[in-house]
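The residues making up each chain are set out below.
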Amino acid sequence: MTVIAVVGTGLAGIRAAETLRAEGHDGRLIFIGEEPGRPYDRPPLSKQVLLGETADLALLDERGEAELAAEWRTGTRVTAFDPHNRTVRLGDGDRLNVDGLVIATGVRPRTLSCDLPESGVHTLRTLADATALRDDLAGGGRIAVVGGGFIGCEVASAARSLGHDVTVVEAGDTPLRAALGEPAARLLARRHIDSGVHLVTGAGVHAVTGGRRVTGLVLADGRVLPADTVVVGIGAAPDLTWLAGSGVACADGVLTDQWGRTNVPGVVAAGDVAAYACRTGRKRVEHWTNARDMPVVAARALLADLRGEDTTALPVHDPLPYIWSDQYGSRLQFAGRPGPGDRFTVVEGEPDGPFVAVYEHSGLVTAVLGVDSPRSFTRLRAGLRRTWAS
Amino acid sequence: MIELCPLGDLVAGTVTRVAPPGLPAALALVRIGDRVFCIDDTCSHETASLSDGWLAGYQIECPLHESRFDLRTGAPDCPPARRPVRVYDVVVVNGMVCVEAEGTA
């Protein structure tokens, strides 16, 4: 009987497992997950959960879980993989023999490299992180958000709507610049200020002050920013230590081809952890849609590998990138992969209200940004998908 | 039986949103050939209007998060939506598109 282990119980792991079953894997299916508890979805963690709103986080209902017929080894880490003996070693000392392995371990948030007080400094990745932050936010006070990426912007928005005094500290010129480009980021930066959030840009963090509990930040230019709670959203990286010595090729992530296959037969990777080959070289994508879609391709490739079939006849993973974010009562949608010099034009609406903008290169639309304009965004994205596919 | 709109108002290839009094929520109508399909207009995941979405064959893609709902069954093809939207039986009476008040999930 074929045994497949899925390491990681986030969206990517669940999607891989669902695909394995749907595509006919009738052998053992073993989930190994570091986090205890049932699998959950992460987007609400920086939104509804912080606001104390109810959100349906479950990735599997009872029926879905029963249909997977999986064995659950949660609350334990994988510590090593031996590709020759095909064994996975667990943190509790157990050793499992596997035929196939899906690596869907995601990423861990980076934090500041300076000394940190024991409490009041947060990163946000897990449900436990989110509830700890929510509890701290309930105490009120001044909130400093370090990093103006999507997580930082959403946390700032949530904290502000709870009525707190919020400051976003961004090392670059403007929040969201890396994701959306300079012109779009500049337009959206106003929304922080219009919502009453203080925005400090071009500022690195030199130190975090406080004894047991955080009291503030010292910025690289010497400015002192008092804070009762600090949230650090400065990116994330995969934890690949358990793969050291396994022969599975890794760099910034687990290296895969366009089907999610690693260099080791019978081992695939998908989601945030996978640095996959694509039309523009190699990408490691930390967005929800990638964790939804890539595991489907990778699971199919794994089954083809295990059955001795030709994987290269299967569809590759090369989707039009798509992300969304909810901030300050607005819905942001962004699709495409624009180049740094692409022309940015607002084609509908006004920058301080709902609007739609396109990015163009040599007369071709390379990306679309929509704010509270789902209908127009959807139509422009449909055109972009056709270009992307051709 | 609730009257929604004249059959002639439905244009092939587009989704028409109707919000009739007597029904708790807006509905989305699609005409394909001789048949008219009717489902809840609100995505089963978050508050998005499916009539703002993209129609391809028998599927409407939610404009926000890309789950595609089958007009015939209401079932989504992929997350984030996991529950179906309600599907309503449509009858055309004297040129008016009508549904029973209770759809089926």
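Residues numbered from 1 in each chain as written. Chains lettered and ligands numbered in written order. Predicted model: local features only at pLDDT ≥ 70, side-chain atom pairs only at ≥ 80, totals over all residues. Heavy atoms only, no water.

Student: What is the right way to read the overall build of chain A from this model?
Tutor: Across its full length, chain A carries nine helices and 26 strands. At 22 Å, chain A has a C-alpha radius of gyration in line with the 21 Å of a compact globule built from 390 residues. For chain A, the C-alpha atoms occupy an extent of roughly 60 × 55 × 40 Å along the three principal directions. For chain A, with 390 residues in total, the buried portion stands at 53%. Pairs at least 24 residues apart make up 60% of the contacts formed inside chain A by residues separated by at least 6 positions. For chain A, the exposed surface amounts to about 16500 Å²; the carbon and sulfur share of it is 50%. With 41 positive and 47 negative side-chain charges, chain A shows a separation of 3 Å between the mean positions of the two kinds. (Helix = DSSP H or I, 4+ residues; strand = E, 2+ residues; numbered from the N terminus. Rg over C-alpha atoms; globule rule 2.2 N^0.38 Å. Buried < 20%, exposed > 50% of the residue type's maximum accessible area, 1.4 Å probe, protein only. Contact = heavy atoms within 4.5 Å. Areas by Shrake-Rupley, 256 points an atom, 1.4 Å probe, with all protein chains shown as cover. Lys, Arg positive; Asp, Glu negative; His and termini not counted. Charge placed at Lys NZ, Arg CZ, Asp CG, Glu CD.)

Student: For this particular structure, what's the right way to read the UniProt feature "domain: Reductase C-terminal" (unreviewed entry) in chain A?
Tutor: In the UniProt entry, the feature "domain: Reductase C-terminal" (unreviewed entry) is given for residues 322-382 of chain A. Taken end to end, residues 322-382 of chain A has its terminal C-alpha atoms 12 Å apart, with 15% of it in helix and 57% in strand. (UniProt positions renumbered as here; feature names shortened; annotations may be inferred.)

Student: Any chance you could explain the sheet that holds strand β3 (residues 27-32) of chain B here in plain terms?
Tutor: Paired through backbone hydrogen bonds, the strands of a sheet run either parallel or antiparallel to each other. Residues and elements named next belong to chain B. Taken together, four strands build an open sheet; the order of strands is β2-β3-β4-β8 and the sheet is antiparallel. Two strands close off the open sheet at either side, each with one partner strand: β2 (16-18) and β8 (87-88). Pairing of β2 with β3, which is carried by three bridges, proceeds in the antiparallel orientation. Looking at the pairing, Thr16 lines up with Leu29 of β3. (Pairing = 2+ DSSP bridges.)

Student: Help me understand the packing of helix α1 (residues 11-22) of chain A against helix α8 (residues 288-306) of chain A in this model?
Tutor: Packed helices, taken two at a time, are described by the angle between their axes plus the distance between the axes. All names here are of chain A. It is the contact of α1 with α8, at a shortest axis distance of 8 Å, that shows an interaxial angle of 35 degrees. The handedness of the crossing between α1 and α8 comes out as right-handed. Judged by residue contacts, Leu11, Ala12, Arg15, Ala16, Thr19 and Leu20 of α1 engage Trp288, Ala291, Arg292, Pro295, Val296, Ala299, Arg300, Leu302 and Leu303 from α8. Broken down by class, the residue content of the contact of α1 with α8 amounts to 11 nonpolar, one polar and three charged. (Axes fitted to C-alpha atoms, helices over the stretch in contact; angles between N-to-C directions. Left-handed = near helix turned anticlockwise from the far one by under 90°. Nonpolar A, V, L, I, M, F, W, Y, C, P; charged D, E, K, R; others polar.)

Student: Explain helix α7 (residues 182-194) of chain A to me, please; I cannot follow it from the model alone.
Tutor: For an α-helix the count is 3.6 residues per turn, leaving residues at separations of three or four pointing the same way. All names here are of chain A. For α7, spanning 13 residues, the distance from its first C-alpha to its last is 19 Å, which sits close to the expected 18 Å at 1.5 Å a residue. Buried within α7 we find Ala184, Ala185, Leu187, Leu188, Ala189, Arg191 and His192. Once α7 finishes, Gly196 follows within two positions and takes phi at roughly 90 degrees, a positive value. (Expected span 1.5 Å × (residues − 1).)

Student: Honestly, the layout of surface pockets in this entry has me stumped. Any pointers?
Tutor: If you add up the space inside the second largest pocket, you get close to 1100 Å³. Considering the residues around the second largest pocket, the lining is formed by 43 residues, among which Leu59 of chain A together with Pro79, Ala81, Arg82 and Arg83 of chain B are closest to the centre. Mapped onto the lining of the second largest pocket, the elements with two or more residues apiece are α1, α3 (62-68), α8 and β22 (322-327) of chain A. Top contributing element to the lining of the second largest pocket by residue count: α1 of chain A, with six residues. (1 Å grid on protein atoms, 1.4 Å probe; cavity = no way out; pocket = protein on both sides within 12 Å on 5 of 7 lines; lining within 4 Å. Points joined across faces, edges and corners; volume = space filled by probe spheres on them.)

Student: I'm lost on the UniProt feature "domain: FAD/NAD(P)-binding" (unreviewed entry) in chain A in this one. Help?
Tutor: Residues annotated by UniProt as "domain: FAD/NAD(P)-binding" (unreviewed entry) correspond here to residues 4-293 of chain A. Taken end to end, residues 4-293 of chain A is 24% helix and 29% strand, and its two terminal C-alpha atoms sit 19 Å from one another.

Student: What should I look at first to understand the packing of aromatic side chains in this one?
Tutor: How two aromatic rings sit relative to each other is given by the distance of their centres and the angle of their planes. Residue and element names in this part refer to chain A. What the rule picks out here adds up to seven aromatic pairs over all chains. Aromatic side chains Tyr322 and Trp324 sit 6.2 Å apart centroid to centroid with 40 degrees between the ring planes, which places their arrangement in the tilted category. On the basis of relative accessibility, which here comes to 13%, the residue Trp324 falls in the buried class. With centroids separated by 5.8 Å and ring planes inclined at 35 degrees, the aromatic side chains of Tyr322 and Phe377 adopt a geometry described as tilted. Residue Tyr322 is located in strand β22, and its partner Phe377 is located in helix α9 (residues 374-389); the two are separated by 55 residues in the primary sequence. An identical accessibility class is assigned to Tyr322 and Phe377; each is buried. (Phe/Tyr/Trp six-rings, centres within 6.5 Å; stacked < 30°, edge-to-face > 60°.)

Student: Would you take a moment to explain the environment of Thr14 of chain B for this structure?
Tutor: All names here are of chain B. When you line up the elements, Thr14 lands in the loop between β1 (2-6) and β2. Once residues within four sequence positions are removed from consideration, Thr14 is found in contact with Leu29, Val30 and Leu55. Of the polar contacts made by the side chain of Thr14, one reaches the backbone oxygen of Val11; its length is 2.8 Å. (Polar contact = N/O pair within 3.5 Å; in protein donor to acceptor, adjacent residues only side chain to side chain.)

Student: I'm lost on the sheet that holds strand β26 (residues 364-371) of chain A in this one. Help?
Tutor: Residue and element names in this part refer to chain A. Across the sheet, which stays open at both edges, the five strands sit in the order β22-β23-β26-β25-β24 with antiparallel pairing between neighbours. Of all the strands in the sheet, just β22 and β24 (343-349) have a single pairing partner and so form its edges. Strand-to-strand twist across the sheet, computed as the mean angle between neighbouring axes with direction ignored, equals 20 degrees. Alignment of strand β23 (residues 330-336) against β26, held across five bridges, turns out to be antiparallel. Paired with Gln333 across the two strands is Gly370, which belongs to β26. Its contacts with the sheet put α9 on β22, β23, β24, β25 (355-361) and β26, and the angle it makes with β26 is roughly 160 degrees.

Student: Please explain the UniProt feature "domain: Rieske" (unreviewed entry) in chain B as it appears in this structure.
Tutor: As recorded in UniProt, the feature "domain: Rieske" (unreviewed entry) lies at residues 2-99 of chain B. Helix and strand shares over residues 2-99 of chain B are 0% and 40% respectively, and the end C-alpha atoms of the span are 5 Å apart.

Student: I keep staring at the side chain of Ser325 of chain A and nothing clicks. Help me out?
Tutor: All names here are of chain A. When you line up the elements, Ser325 lands in strand β22. Among the polar contacts listed, one links the side chain of Ser325 to the side chain of Glu154, at a separation of 2.6 Å. What Ser325 contacts, discounting residues up to four positions off in sequence, is Phe150, Glu154, Ser330, Arg331 and Leu332.

Student: Would you explain the pattern of salt bridges in this entry?
Tutor: When charged atoms on two side chains of opposite charge get close, those side chains can pair. Residue and element names in this part refer to chain A. Under the defined criterion, the tally for this structure stands at 40 salt bridges over all chains. Taking the shortest distance from any N to any O, the salt bridge between Glu154 and Lys47 comes out at 3.1 Å. With a gap of 107 residues between them, Glu154 in helix α5 (residues 150-161) and Lys47 in the loop between β2 (28-33) and α2 (48-51) connect regions that are remote in the sequence. An identical accessibility class is assigned to Glu154 and Lys47; each is buried. Here Asp318 and Arg279 are joined by a salt bridge, their closest N and O atoms 2.9 Å apart. Of this pair, Asp318 sits in the loop between α8 and β22 while Arg279 sits in the loop between β20 (274-278) and β21 (281-284), placing them 39 residues apart in sequence. Asp318 sits in the partly exposed class, given a relative accessible area of 23%. (Salt bridge = Lys/Arg side-chain N within 4 Å of Asp/Glu carboxyl O.)

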